[in-house]
Amino acid sequence: MQTRTIGDVRVGAIGLGGMPMSIEGRPDEARSVAAVHAALDEGVTLFDTADAYHRDAHEVGHNESLIARAVASYGGDTSDVLIATKGGHLRPGDGSWTLNGSPEYLKKACDASLERLGVEAIGLYQFHRPDPKVPYEESVGAIRDLLDAGKIRFAGVSNADPDRIRLANEILGGRLVSVQNQFSPAFRSSEPELELCAELGIAFLPWSPLGGISKAGELGSRYAVFAEVAGAHGVSPQQVCLAWILAKAPVTIPIPGSSRPETIRDSVAAAALSLSPEELSRLDAA
């Protein structure tokens, strides 16, 4: 698979989002482990998780632990794997999401993630979502402190607008390596953030690039042009979508969520799909 850059590390151009493996409706662990192993077989080296990817209140970090076990049980070389996790978003266990961007909480959350991942330094740690009760500079300042302490290798932010991206990069002393925002055919309001990341050379990691867990399978029926282009190439509309996002800028690294070996294999094939300028224009206009 072609590679792209996060910091000074090359990763596969398609990553794997772990959330579907751990929240409501999740499959048995064996299927999720098989999906991680299939991803590794196909050249995926970026795995995205978060301490909030769990279902019940007593199992915070479920997905972090699952991803760590799956990678550790793989029979091949995993030395180039980059596991990205996040802190600052919480799930009380009733299906809701809450926020805690306080520096004290983020530092404790990072320590807990370190233990679950079983590493000396987290590959990529991202502030999950701004907390309106905490000044953004204080939250990102905690990420900077973790970076300076060597507890994380790279620092990123998620769900950030252009002003916050610039502020985060300033607070981090120019060491911001990633921005993880929602982007898909149905959600294009992150175009300014994508363009800023391309300008600054910061990796842009689109989450829910296929429209989300419940809608990814309907992408072709919801957007006819994606189905039409897919038919012309003999591939799935989902592959076309990921190839379209990859063509947006050399800094984009989509992280489609998956818990099935067959879906991550299909997603990875998008890295080899070449779309014409005319096709890309049609997809942009959809």
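Before reading further, recall that the structure is shown in the block above.
Residues numbered from 1 in each chain as written. Predicted model: local features only at pLDDT ≥ 70, side-chain atom pairs only at ≥ 80, totals over all residues. Heavy atoms only, no water.

K.L.:
Describe in detail the environment of Ser 281, supporting the description with residues and values.
P.N.:
By secondary structure assignment, the location of Ser 281 is in helix H11 (residues 277-285). A C-alpha to C-alpha distance of 17 Å links Ser 281 and Leu 194, two positions 87 residues apart in sequence. (Helix = DSSP H or I, 4+ residues; strand = E, 2+ residues; numbered from the N terminus.)

K.L.:
Which residues make up unusual backbone geometry, and what values do they have?
P.N.:
The phi angle at Asn 159 is positive, at roughly 55 degrees, despite the residue not being glycine. In this structure, Asn 159 sits in the loop between strand E9 (152-158) and helix H5 (162-171). If you check the backbone angles, Ser 208 has positive phi at about 50 degrees while not being a glycine. Its place among the elements puts Ser 208 in the loop between strand E11 (203-204) and helix H7 (219-222).

K.L.:
So what's going on with the pairing of strand E2 (residues 9-12)? Residues and values would help.
P.N.:
Here strand E1 (residues 3-6) pairs with E2 via 4 bridges, running antiparallel. Bridge pairing links Thr 3 to Gly 12 in E2. (Pairing = 2+ DSSP bridges.)

K.L.:
I'd like to hear about the sheet that holds E11, residue by residue, with values.
P.N.:
Across the sheet, 7 strands lie side by side as E3-E4-E5-E8-E9-E10-E11; this open sheet has parallel pairing. Where the open sheet ends on each side, the last strands, each with one partner, are strand E3 (16-17) and E11. As paired elements, E9 and strand E10 (residues 176-180) share 4 bridges and run parallel to each other. By the bridge assignment, Gly 156 is partnered in E10 with Ser 178. Along the sheet face, helix H3 (residues 103-117) touches strand E5 (82-87), strand E8 (122-127) and E9 and points at about 145 degrees away from the line of E8. (Contact = heavy atoms within 4.5 Å. Axes fitted to C-alpha atoms, helices over the stretch in contact; angles between N-to-C directions.)

K.L.:
Describe the pattern of salt bridges, and please don't skip the residues or the numbers.
P.N.:
Under the counting rule described, the total for this entry stands at 16 salt bridges. With a closest N to O distance of 2.9 Å, Arg 175 and Asp 148 form a salt bridge. Taken together, the residues Arg 175 in the loop between H5 and E10 and Asp 148 in helix H4 (residues 136-148) connect sequence positions 27 residues apart. One continuous salt-bridge network, built from bridges that share partners, spans Lys 107, Arg 144 and Asp 145. (Salt bridge = Lys/Arg side-chain N within 4 Å of Asp/Glu carboxyl O.)

K.L.:
So what's going on with the packing of aromatic side chains? Which residues, and what values?
P.N.:
How two aromatic rings sit relative to each other is given by the distance of their centres and the angle of their planes. Going through the model one piece at a time under the given rule, you end up with 5 aromatic pairs. Aromatic pair Phe 226 and Trp 244: ring centres 5.5 Å apart, planes at 85 degrees, arrangement edge-to-face. A residue pair is termed long-range when its members are at least 10 positions apart, and Phe 226 in helix H8 (residues 224-233) and Trp 244 in helix H9 (residues 237-248) qualify at 18 residues. Residue placement shows Arg 164 over the ring face of Tyr 136; its charged tip is 5.3 Å from the ring centre. (Phe/Tyr/Trp six-rings, centres within 6.5 Å; stacked < 30°, edge-to-face > 60°. Lys NZ or Arg CZ within 6 Å of the ring centre and 35° of its normal.)

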